[in-house]
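If you want the building blocks of each chain, they are given just below.
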Amino acid sequence: MVHGLLFWVEFRIDIDIKSVGVANTMLVKQLSQMSATQEYLNIHCHRRWSHGLELLSLDTAEITADAEIGGFYSLGLHPWFMASQDIRQALAKIAARAHDPAMLAIGECGLDKAIETGLAEQLPVFQSQIRLSEQFAKPLIIHCVQAFNELMRCKTANRPAQAWIVHGFRGKPALARQLIRQGFYLSFGKALRNETGYAGQALAAIPIERLFLETDADEASISEIYGLAAKITGLDVKNLQTCILGNFKRVFLHD
Ligand SMILES: [Zn+2]
């Protein structure tokens, strides 16, 4: 990990507007401002904090196909909300909105063994969202509960070009390493507060180049999460911001 750190400490965020494409001018503008101030990036939240760059996570059940959404967001069909929606319509909504440059990712979507809806029903819905992610070149933000083997099998079978980001990771370091070997990115949130939990150990076990941070639905602020992650990685917050912004640029701007 140390050599990864050194690389990123010296890495300067350099926004190349041409490489991003004209459609993403809004993103480029915000990133250009951020590169000067080195702000926070919150990869997954359920309300706006207006604190740095944020991806508001929306479910297809929450919005209409033409709803006005300020700022950046991800849109997906969450396994929790499958039962209450027309799956076909929900997927069509994602496809229709995917032309919006402010929609940066597909998700949260994924697999959850702790709910009533069976995995056999969840898998095709997840598979459809994998296809949309590849089709529209937008990364996947993944919700995964007790289904990591199935998730890894999906990744092997699909060999996606897009990044797969497991959000709210709190598993053991061995699982984190396994996911990293398979090319996943991991995002950590409030679980870092728990000093006896696995999240901190898992974060310490992965390369910083695969790290994102988030607030999810919790009341912890993104600055607190960065502070916790900085302590674990031994980086100061400014360097951590630079690293994560670099990850964001690579994953979302395909740079
Ligand atoms: Zn969430």
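Residues numbered from 1 in each chain as written. Predicted model: local features only at pLDDT ≥ 70, side-chain atom pairs only at ≥ 80, totals over all residues.

**A short note on the nonpolar core**
Let me state the cut-off plainly: The term nonpolar core refers to a set of buried Ala, Val, Leu, Ile, Met, Phe, Trp, Tyr and Cys residues connected through C-beta atoms within 7 Å. Exposed residues have 12 or fewer other C-beta atoms within 10 Å of their own C-beta, buried residues have 20 or more, and partly exposed residues fall in between, where C-beta atoms are placed from the backbone. The secondary structure listing takes helices from DSSP runs of H or I that are at least 4 residues long and strands from runs of E that are at least 2 residues long, numbered from the N terminus. Contact between residues is assigned whenever the C-beta positions, reconstructed from backbone atoms, fall within 7 Å.
In terms of nonpolar packing, the biggest core is built from 64 residues, with I165 and L186 touching the most fellow members. Counting residues per element, this core draws most heavily on helix α10 (residues 237-252), at 7 residues. Those residues in contact with L186 that sit more than four places away from it in its chain are V166, F169, A176, L179, I206, R210 and L211.

**Points about the packing of helix α9 (residues 222-233) against α10**
The condition is simple: Helix axes are fitted to C-alpha atoms over the stretch in contact, other axes to C-alpha atoms as well, and angles between N-to-C directions run from 0 to 180 degrees. In this scheme, roughly parallel covers angles under 35 degrees and roughly antiparallel covers those over 145, while 65 to 115 is roughly perpendicular and the rest are oblique. For this classification, the nonpolar set comprises Ala, Val, Leu, Ile, Met, Phe, Trp, Tyr, Cys and Pro, the charged set comprises Asp, Glu, Lys and Arg, and every other residue, Gly included, is treated as polar.
Direction vectors running N to C along α9 and α10 enclose 100°, while the axes themselves pass 9 Å from each other. Judged on the interaxial angle alone, α10 and α9 are roughly perpendicular. Along the contact surface, α9 presents Y226, G227, A229, A230 and T233, while α10 presents V237, L240 and Q241. Looking at the contact of α9 with α10, its residues break down into 5 nonpolar, 3 polar and no charged.

**What to know about the sheet that holds strand β6 (residues 164-166)**
Where we set the bar: For two strands to be treated as a pair, DSSP must find at least two bridges joining them.
If you trace the 8 strands from one edge of the open sheet to the other, you get β1-β2-β3-β4-β5-β6-β7-β8, paired in parallel fashion. Because the sheet does not close on itself, it has two edges, and the strands there are β1 (41-45) and β8 (211-213). For this sheet, the mean inter-axis angle between neighbouring strands, taken without regard to orientation, is 25°. By the bridge criterion, 4 bridges tie strand β2 (residues 53-59) to strand β3 (residues 73-76) in an arrangement that is parallel. Paired with L58 across the two strands is L75, which belongs to β3.

**Here we look at the packing of helix α4 (residues 87-97) against helix α5 (residues 119-135)**
This is how it is decided: Here a crossing is called left-handed whenever its near helix is offset anticlockwise from the far helix by less than a right angle, and right-handed whenever the offset is clockwise.
Remark: α4 packs on α5, axes separated minimally by 11 Å, with the N-to-C direction vectors making an angle of 15°. In terms of their interaxial angle, α4 and α5 are classed as roughly parallel. Here α4 runs over α5; the crossing is right-handed. Each of I87, L91, I94 and A95 in α4 lies in contact with α5, whose residues at this interface are V125, S128, Q129 and L132. Residues that form the contact of α4 with α5 fall into these classes: 6 nonpolar, 2 polar and no charged.

**Some words on the pairing of strand β7 (residues 185-188)**
We apply this condition: Seen with its strands pointing away from the viewer, a crossover is right-handed if its path from the first strand over the helix to the second goes clockwise.
Both faces of β7 are covered, namely the face carrying Y185 and S187 and the face carrying L186 and F188. When β6 meets β7, the two strands line up parallel, connected through 2 bridges. Note on β7: the bridge partner recorded for V166 is L186. In the classification by handedness, the crossover that spans β6, the intervening helix α7 (residues 173-181) and the parallel β7 is right-handed. Both β7 and β8 contribute to a ladder of 3 bridges, which runs parallel. In the strand pairing of β8, L186 is matched with L211.

Don't take any of this as a statement about function, it's just geometry.
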